[in-house]
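One letter stands for each residue in the lines below.
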Amino acid sequence: MNAAPADQIRLLDVQDLDVRLQQLAHKRKSLPEHAELESLNRDLTQLRDLLVAAQTEESDCAREQAKAEQDVDQVRRRAARDQQRLDSGAVSSPKDLENLQHEIASLAKRQGDLEDIVLEVMERRESAQQRVAELTERVASVQSRIDDVTARRDSALEEIDGEAASVTKEREVVAASVPADLLKLYEKLREQQGGIGAAKLQARTCQGCRQELAITELNEIRQAAPDAVVRCENCRRILVRTAESGL
């Protein structure tokens, strides 16, 4: 394949632009904000799960407290009715009086036990409420950090994408000036060789594979016509000759 030396030099310009696009793509993918957001979102998910558990516990305690308070109220009303009967003198039978007094005493003990249960449940509920408040604050704090990091990430992505769009347009212009067959070979090699399809021959060294060329290969390149498209014997990339090639 033959191509004018100027066209081969422009191919290096295309390669430089492609390398820049690769660098921008890597930078876009490896922004530190991506890992930071991943970590923060894991923290947020865990905190939200803990918050739901605390809210559920608080809700369960609220129902348990309401039930215990209702039981206390029922016992208190029953004890009040029995005390009223006792005080009214309506019960005259000694045995009935004894049973009534015993029931009032039993109700008093039952009321005391239930009130202890209410206090215990209230303590657990208060603890759950404090936990809910703490976790709510932590969720809000992590969410705020996520919002800040997201804004930084989006700003960085916008800057990278803007530069990539500019480089892409420049690449289209430069690539359009390179002969189609040369560009096609370059694209094929670039895909095969990890993004580098053409390299400068500098100081007798291929800048693609960083290998110094053997003397026989250098002699062949010296003898090649200026418009001949030569390839590196080691990596098979297109070698572009310049004044720095050391030929």
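Above this text you will find the structure in question.
Note that this is a predicted model, so its numbers are computed, not measured. (Residues numbered from 1 in each chain as written. Predicted model: local features only at pLDDT ≥ 70, side-chain atom pairs only at ≥ 80, totals over all residues. Heavy atoms only, no water.)

Peer 1: What am I meant to see in the pairing of strand 4 (residues 238–241) here?
Peer 2: For a regular strand, side chains alternate in direction, first toward one face of the sheet and then toward the other. Side-chain alternation along strand 4 places I238 and V240 on one buried face and L239 and R241 on a second face that is also buried. Looking at chain direction, strand 1 (residues 198–202) and strand 4 are connected through four bridges and run parallel. Directly across from A199, in strand 4, lies its bridge partner L239. Between the end of strand 3 (residues 230–231) and the start of strand 4, which pair antiparallel, lie six residues, with R236 showing a positive phi angle near 70 degrees. (Buried < 20%, exposed > 50% of the residue type's maximum accessible area, 1.4 Å probe, protein only. Helix = DSSP H or I, 4+ residues; strand = E, 2+ residues; numbered from the N terminus. Pairing = 2+ DSSP bridges.)

Peer 1: I tried to follow the packing of helix 1 (residues 5–29) against helix 4 (residues 180–192) on my own but got confused; where do I start?
Peer 2: Describing two packed helices takes the angle between their axes plus the distance from one axis to the other. Contact pair helix 1 / helix 4: the axes reach a minimum separation of 11 Å and the direction vectors enclose 35 degrees. Between helix 1 and helix 4 the crossing geometry is right-handed. For the pair formed by helix 1 and helix 4, the contact residues are D7, Q8, L11, V14, Q15 and D18 on the first element and L182, L183, Y186 and R190 on the second. Of the residues contributing to the contact of helix 1 with helix 4, the split by class is five nonpolar, two polar and three charged. (Axes fitted to C-alpha atoms, helices over the stretch in contact; angles between N-to-C directions. Left-handed = near helix turned anticlockwise from the far one by under 90°. Contact = heavy atoms within 4.5 Å. Nonpolar A, V, L, I, M, F, W, Y, C, P; charged D, E, K, R; others polar.)

Peer 1: Whenever I open this one, the nonpolar core confuses me. Can you help?
Peer 2: By size, the foremost hydrophobic cluster in this structure holds 24 residues, and its most contacted members are L11, V14, V178, L182, L183, Y186 and I238. In terms of residues, this core owes the most to one element, helix 3 (residues 94–176), which gives seven residues. With sequence-adjacent residues up to four places away left out, I238 is seen in contact with L11, L182, L185, Y186, L189, G197, A198, A199, V229, V230 and R231. Counting residues in hydrophobic clusters, the runner-up holds 12 residues, among them L44, L51, L135 and I146. (Core = buried A, V, L, I, M, F, W, Y, C linked by side-chain atoms within 4.5 Å.)

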